[in-house]
Amino acid sequence: MLTALLLAALTYCSPVNFPISLAGNFGEPRPNHFHGGIDVRTELAVGKPIFSVADGYVERVTVGMYGFGNAVYVRHPNGTTSVYCHLKSFAPYLNRLVGHRLQLARQYADPIDVHLRPGQYPVAAGQLIAVSGNTGSSVAPHLHLEIHDTRTWAMMDPLDFLKQYLHDTTPPEAHAFKAYPMPGEGIFCGSSQNQVFGFPTADFSSVAGEGSVRRASLGRVFTAWGRVGFGIWADDYMEDTYHHYGIRRTELTVDGETVFYSDVDNIPTEHNRMVNSWGDYDHWRRHRTWYMKSFADPGNRLRILHTDDNRGIVCFDEECDYHLAYLLQDIYGNRAEYSFVVRGERQHIPSSPRQPQRGFALRWNGVSHLQMPGMQLVVPPQSLADDVLLQVTATTATNGLSPAFTFVASSACAPASTPCPLFSWAQLSIRVSRRVADPSQLCILCNGQPIGGTYRDGWLTAPVRELDATYQVGIMP
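Residues numbered from 1 in each chain as written. Predicted model: local features only at pLDDT ≥ 70, side-chain atom pairs only at ≥ 80, totals over all residues. Heavy atoms only, no water.

Enquirer: Any details on the pairing of strand β7 (residues 70–75)? Residues and values, ideally.
Expert: Most of β7 is tucked away, with five of its six residues classed as buried. Note that strand β6 (residues 56–63) and β7 share six bridges and pair antiparallel. Its bridge partner being in β7, Val-58 is matched across the sheet by Val-74. Between β6 and β7, which follow one another and run antiparallel, lie six residues, and Gly-64 among them has a positive phi close to 75°. Of the strand pairs in this sheet, β7 and strand β8 (residues 80–90) are connected by five bridges, and their pairing is antiparallel. If you follow Val-74 over to β8, its bridge partner there is Ser-82. Hairpin remark: β7 followed by β8, antiparallel, with four residues in the connecting loop; positive phi at Gly-79, about 90°. (Buried < 20%, exposed > 50% of the residue type's maximum accessible area, 1.4 Å probe, protein only. Helix = DSSP H or I, 4+ residues; strand = E, 2+ residues; numbered from the N terminus. Pairing = 2+ DSSP bridges.)

This is how it looks when you write it as structure tokens:
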């Protein structure tokens, strides 16, 4: 509804003067964040003209911030802000406004953040604001374009505003699904372990007025009993490019009833790290492919995910055939349909693997305060996808500034050690074991890498976001 109102209120144009081809789309899952915009290819060249996508005014110019390199922010009267990143340089008038700050920044290698007054630099749709480049965290020349809700700064899909400037008749494609029997509560194909099953290659055909459709059905009949979650590995594609993209909409149905669907648009920036909960982070870490779960962890608050009352987990409690189907769709209406049958067969469900008997219980919906000699950890509520049991061991560090504290996390769904990135910052304090001449040179090390810290009364405190790591006090390099 919000996007439809914004679309009706303002006319948008292309940010470039050549056909748009994407190297990345909005919402692609990545470790610790969603891709917050679209990557427009610039033919592996810098210096392409970049235009404002709509009327408004330049609100902000940054250099060296957020990995954006040189960036321009344009505020629009309909309540959105467009952000243009990895630029080589700014339009001449902008350069005159911020040129002296740019010179200082380059001289001292400092990031800069220049805010302009409303009306100081008005722009019209299609007006030149910069030229493309390869600055910041960019591995090849391109334009990274974001569109945000100005009030909340939620990330919006730029294709909702610009899709008329691209052509796409290629549907998404699923590669495999993954079954997640709930520990102690479910079994799938005779096993309580997570399992992966491939989808067959499916051809697609065009349907007049409805885009292209890809269909495939697995001939095998699977078996299950109890509570089982599912996940899917899939990519979207566009013609005339070898890139693959994230899926805009995913739906899982059981006997025609929707148990889960996602629509990847309008994501609060503070929910970025919840991608590690929706996606199977441990599988990605091991294999570099994302299985996006079709069920929600208790602490996952992503509003782009919608489930039934069972959080999307399927309960196989009758001895009959259950017909499951995945429906994938892109923003152009191209879709893919993958179906398979799971037969409910009454069978023994093994007990959940025993978790370690000792450790600190961290609750996803409450404050967790962990203390042991020489170390304190405070985890705020709603920082975890689920309850976690944290084991902590202290060993002697070679530098003698503090013990080295190693955290190992496990949960009911992952009893063995598994990476557990937090959604938000926890506060870690470590006591310094010996006096140092200049405490301002101290820092906390995470797996040997400095993350900073503030010294007070013999303790060093720093924000942390990883629960599977080793922390100790060190000297700032």
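Picking up where we left off.
Enquirer: Residue-level account of the nonpolar core, with values.
Expert: Within the largest apolar cluster, 47 residues are counted, with the highest numbers of intra-cluster contacts made by Phe-177, Phe-188, Phe-230 and Phe-340. Looking at this core, the element that brings in the most residues is strand β17 (residues 211–237), giving eight residues. If you look at the next biggest cluster of nonpolar residues, it comprises 40 residues, including Leu-22, Val-53, Leu-116 and Ile-147. (Core = buried A, V, L, I, M, F, W, Y, C linked by side-chain atoms within 4.5 Å.)

Enquirer: Describe in detail the sheet that holds strand β32 (residues 442–446), supporting the description with residues and values.
Expert: Taking strand neighbours across the sheet as the criterion, the six strands line up as β26-β29-β30-β36-β32-β33 in an open arrangement whose pairing is antiparallel. The sheet is open, and its two edges are formed by β26 (360–362) and β33 (449–450), each paired on a single side. Pairing analysis gives three bridges linking β26 to strand β29 (residues 388–396), with the strands arranged antiparallel. Looking at the pairing, Ala-361 lines up with Leu-389 of β29.

Enquirer: Before we move on, could you go through the sheet that holds strand β28 (residues 375–379) and cite the residues and values that matter?
Expert: Strand order in the open sheet made by the five strands is β27-β28-β31-β35-β34, with antiparallel pairing throughout. Unpaired on one side and paired on the other, β27 (368–372) and β34 (454–456) mark the two borders of the sheet. Pairwise comparison of adjacent strand axes, ignoring direction, gives a mean angle of 20° for this sheet. Relative to strand β35 (residues 459–466), strand β31 (residues 421–431) is paired through seven bridges, and the arrangement is antiparallel. Among the inter-strand pairings, Pro-421 is bridged to a residue of β35, identified as Glu-466. (Axes fitted to C-alpha atoms, helices over the stretch in contact; angles between N-to-C directions.)

Enquirer: Give me the lowdown on the environment of Leu-384, citing residues and values where you can.
Expert: Of note, Leu-384 is situated in the loop between β28 and β29. By relative accessible area, which is 1% here, Leu-384 ends up buried. Non-local contacts of Leu-384, meaning those with residues more than four positions away in its chain, are made with Gly-299, Leu-362, Arg-363, Trp-364, Cys-420, Leu-422, Phe-423 and Leu-467. (Contact = heavy atoms within 4.5 Å.)

Enquirer: Just give me the short version of the pattern of salt bridges, but keep the residues and values in it.
Expert: What the rule picks out here adds up to 19 salt bridges. Of the charged contacts, one joins Arg-227 and Glu-185 as a salt bridge, the two residues approaching to 3.1 Å between their closest N and O atoms. You can see Arg-227 sitting in strand β17 and its partner Glu-185 sitting in strand β14 (residues 173–188), a full 42 residues away along the chain. Arg-286 is the partner of Asp-282 in a salt bridge, and the nearest nitrogen-oxygen pair spans 3.0 Å. With Asp-282 and Arg-286 both in helix α5 (residues 281–287) and four residues apart, this pair spans about one turn of that helix. Given the relative accessible area of 21%, Asp-282 is considered partly exposed. A relative accessible area of 54% places Arg-286 in the exposed class. Taken together, the salt bridges that share partners define one network made up of Asp-157, Asp-160, Arg-248, Asp-263 and Asp-265. (Salt bridge = Lys/Arg side-chain N within 4 Å of Asp/Glu carboxyl O.)

Enquirer: Which residues make up the state of the cysteines, and what are the values?
Expert: Counted by the stated rule, this structure contains zero disulfides. Cys-189 takes part in no disulfide bond, and the closest cysteine sulfur to it belongs to Cys-320, at a distance of 16 Å. Note on Cys-189: relative accessible area 22%, which makes it partly exposed. Between Cys-320, a free cysteine, and Cys-315, which holds the nearest cysteine sulfur, the sulfur-to-sulfur gap is 11 Å. Relative accessible area serves as the criterion here: at 28%, Cys-320 is assigned to the partly exposed category. (Disulfide = S-S within 2.5 Å.)

Enquirer: Please give an account of the side chain of Ser-383 that cites residues and values.
Expert: Within the secondary structure, Ser-383 sits in the loop between β28 and β29. You can call Ser-383 buried: its relative accessible area is 1%.

Enquirer: Explain the side chain of His-142 residue by residue, including any values.
Expert: Considering the arrangement of structural elements, one finds His-142 in strand β12 (residues 142–149). Under the relative-accessibility criterion, His-142 is labelled buried at 11%. Only 3.5 Å separates the side chain of His-142 from the side chain of Asp-39, close enough to count as a polar contact. At a separation of 2.8 Å, a polar atom in the side chain of His-142 contacts the main-chain carbonyl oxygen of Ala-140. (Polar contact = N/O pair within 3.5 Å; in protein donor to acceptor, adjacent residues only side chain to side chain.)

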